[in-house]
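Coordinates in review
Listed below are the residues making up each chain.
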Amino acid sequence: MTLPHGPEDPWALPDPATVDPAVLTTLLARHGWVRRGGPAARYGRWTPPDGEPGTSLLVPAGDGFDDAVDLLADAVTALSRSRTPSARPILLALAVPGDELRWRRELPGPADATPWDDAERLQRAARAMLAAGAKADRATAAYFGARLDGPAGEFLDRVLVIEQGAVEQGAALTAYTPAPEGRAVVTTLVRALEALRDAVDYRRVSGGPEAFENAVRSGVSRELVRSVEDLVRGATAARLTVAWSPAAGTPGGFGDRRIDLDFSPGDLPALAEAAELLERIEPAVDVTVVGVVVRLKRADPAGPGAVRLRVLGGADVRELKLRLPDPDYRLAAEAHLSGVPVRVSGRLERRDGFRRLTRPRGLELCGWDQGDREQLLKGLEDGGDRS
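Below is a summary of the structure that appears in this document.

**Describing the overall build of the chain**
Looking only at helices and strands, the chain has 11 helices and 14 strands in total. The 387 residues of the chain split such that 47% are buried. Entry remark: accessible area of the chain is about 18,500 Å², with carbon and sulfur atoms responsible for 50%.

**Re the environment of leucine 13**
Position of leucine 13 relative to the elements: it lies in the loop between strand S1 (2-3) and helix H1 (21-30). By relative accessible area, which is 43% here, leucine 13 ends up partly exposed. For leucine 13 and serine 80, which are 67 residues apart along the polypeptide, the C-alpha to C-alpha distance reads 7.9 Å. Apart from residues no more than four positions distant in its own chain, leucine 13 is found in contact with Val76, Ser80 and Leu91.

**What to know about the packing of helix H6 (residues 183-206) against helix H8 (residues 222-232)**
As a packed pair, H6 and H8 sit with axes 11 Å apart at the nearest point and diverge in direction by 75°. It follows from the interaxial angle that H6 and H8 lie roughly perpendicular. The segment H6 lies against H8, with Leu189, Ala192, Leu193 and Leu196 engaging Leu224, Val225 and Val228. Its residues assigned to classes, the contact of H6 with H8 comprises seven nonpolar, no polar and no charged.

**Some remarks on the side chain of glutamate 319**
With respect to the secondary-structure elements, glutamate 319 resides in strand S12 (residues 319-324). Glutamate 319 gets classed as buried once you look at its relative accessible area, which sits at 12%. Here arginine 308 takes part through its side chain, which lies 3.5 Å from a polar atom of the side chain of glutamate 319. A distance of 3.2 Å separates a polar atom in the side chain of glutamate 319 from a polar atom in the side chain of arginine 310.

**Structural notes on helix H2 (residues 68-81)**
Since the α-helix advances by 3.6 residues per turn, residues separated by three or four positions end up pointing in the same direction. If you check H2, its first and last C-alpha atoms are 20 Å apart, about what 14 residues at 1.5 Å a residue would give, namely 20 Å. Inspection of H2 places Ala68, Leu71, Leu72, Ala75, Val76 and Leu79 among the buried residues, and these make up the whole buried set. Buried residues along H2 cover an arc of 135° about the axis, so they all sit on one side. Along H2, the residues that are exposed and aim more than 90 degrees away from the buried face are Asp70, Asp74 and Arg81. The elements touched by buried residues of H2 are H1, strand S4 (57-60) and helix H3 (87-95).

**Quick look at unusual backbone geometry**
Looking along the chain, the bond that leaves alanine 179 and enters proline 180 is cis, with omega of 10°. You can see proline 180 is positioned in the loop between strand S7 (170-178) and H6. Notably, phenylalanine 354 is not glycine yet its phi reads approximately 60°, a positive angle. One can find phenylalanine 354 in the loop between strand S13 (342-349) and strand S14 (356-365).

**Digging into the sheet that holds S4**
Across the sheet, which stays open at both edges, the three strands sit in the order S2-S3-S4 with antiparallel pairing between neighbours. Strand pairing shows two members of the sheet lacking a second neighbour, strand S2 (34-36) and S4, which therefore form its edges. Taken pair by pair, the neighbouring strands of this sheet meet at an average axis angle of 40°, ignoring direction. Across the face of the sheet, H1 comes into contact with strand S3 (43-47) and S4 while running at roughly 140° to S4.

**Section: the pairing of S7**
Burial analysis of S7 places nine of its nine residues in the buried class, which makes it a mostly covered element. Along S7, one buried face is formed by Gly170, Ala172, Thr174, Tyr176 and Pro178 and the opposite face, lined by Ala171, Leu173, Ala175 and Thr177, is buried too. Pairing of strand S5 (residues 98-106) with S7 involves nine bridges; the strand directions are antiparallel. Across the sheet, the residue bridging to glycine 98 is proline 178, located in S7.

**Brief notes about empty space enclosed by the protein**
Inspection of the entire model under this criterion finds one cavity of 30 Å³ or more. Around the largest cavity sit Met129, Leu193, Val228, Leu231, Ala238, Arg239, Leu240, Leu261 and Phe263, which together line it. Secondary structure elements with two or more residues in the lining of the largest cavity: H8, strand S8 (237-243) and strand S9 (259-263). Residues of the lining of the largest cavity, tallied by class, amount to eight nonpolar, no polar and one charged.

Calculation criteria
- Residues numbered from 1 in each chain as written.
- Predicted model: local features only at pLDDT ≥ 70, side-chain atom pairs only at ≥ 80, totals over all residues.
- Heavy atoms only, no water.
- Helix = DSSP H or I, 4+ residues; strand = E, 2+ residues; numbered from the N terminus.
- Buried < 20%, exposed > 50% of the residue type's maximum accessible area, 1.4 Å probe, protein only.
- Areas by Shrake-Rupley, 256 points an atom, 1.4 Å probe, with all protein chains shown as cover.
- Contact = heavy atoms within 4.5 Å.
- Axes fitted to C-alpha atoms, helices over the stretch in contact; angles between N-to-C directions.
- Parallel < 35°, antiparallel > 145°, perpendicular 65-115°, else oblique.
- Nonpolar A, V, L, I, M, F, W, Y, C, P; charged D, E, K, R; others polar.
- Polar contact = N/O pair within 3.5 Å; in protein donor to acceptor, adjacent residues only side chain to side chain.
- Expected span 1.5 Å × (residues − 1).
- Arc of directions from axis to C-beta.
- Pairing = 2+ DSSP bridges.
- 1 Å grid on protein atoms, 1.4 Å probe; cavity = no way out; pocket = protein on both sides within 12 Å on 5 of 7 lines; lining within 4 Å.
- Points joined across faces, edges and corners; volume = space filled by probe spheres on them.

Structural data, given as structure tokens:
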């Protein structure tokens, strides 16, 4: 989901009765607000980092005071009217609790010269990075291709993306991922990026690419590497900063350390080498899939033909392409006309993103399993293959 930036934003302000004062004060401190005076046991007065006159928030120390809700309502209203840049992210973090991921590209030109295609590049890189993390949370692979596109897409649909556009000497974008239910994806992504950072440093110092292959166990994939390449290309530097949801707390194993992951144009040769290596080492997979024939095509009425299957089971892809000899093609056409699934075995090849089944064998008609029809209808409603 993407929200516009401006007073016409369609999101609702948080309900003051549901705002946790501890969460609000954590967010204020995170964004540089300063606590000034006030009895520490009852309330604190907070002012923005830029010293904007007229903006002052009185925040209760807890929700057990009689005036706590009234003070929180005043604070929310003041934030909604404030021109301080951090006010809107604080309100969003209260209204849509989640872990905050912020990407930033440092650009060689001034901020007001940021081209439209650079903003698109930033959003594309961020989306690809989140998708790579979502896939790595489900399984590890050097190269996923179209595999696990479905679960990755479902995760992306739950991410709130705030387009921030130009900032001083660069461009930035912030996303809020669901926490705690979506946190495993973010922790997997952070560990994978840390492993990639270490592997790139090792490659630049030692000259050996073996660290990239070892990093696959930590969630590094070709897709993740390509997303970092896209983030860095054309920039002077790039950074991902992660701030954990105050409401959900810090995940285990991360302590209080700040999560800043930096890459630069000097990393591009190693990243390009890593992407090529990771695609090359991912093996083909023997599979037996069940699917519905959705497309048939052949030039010779008596020759082989191309078939496309909507996969119901047996492989983590939405659709598969395969080429069948005449007898099997006729059987596939019969399945298409009668509306029944087929079962077929073969090799899921990495070329074409694991969307192609080679050496098909054992094609046969099969009945509908419980839930298959619902799965097919849901896939059709989702608009087909996201890839």
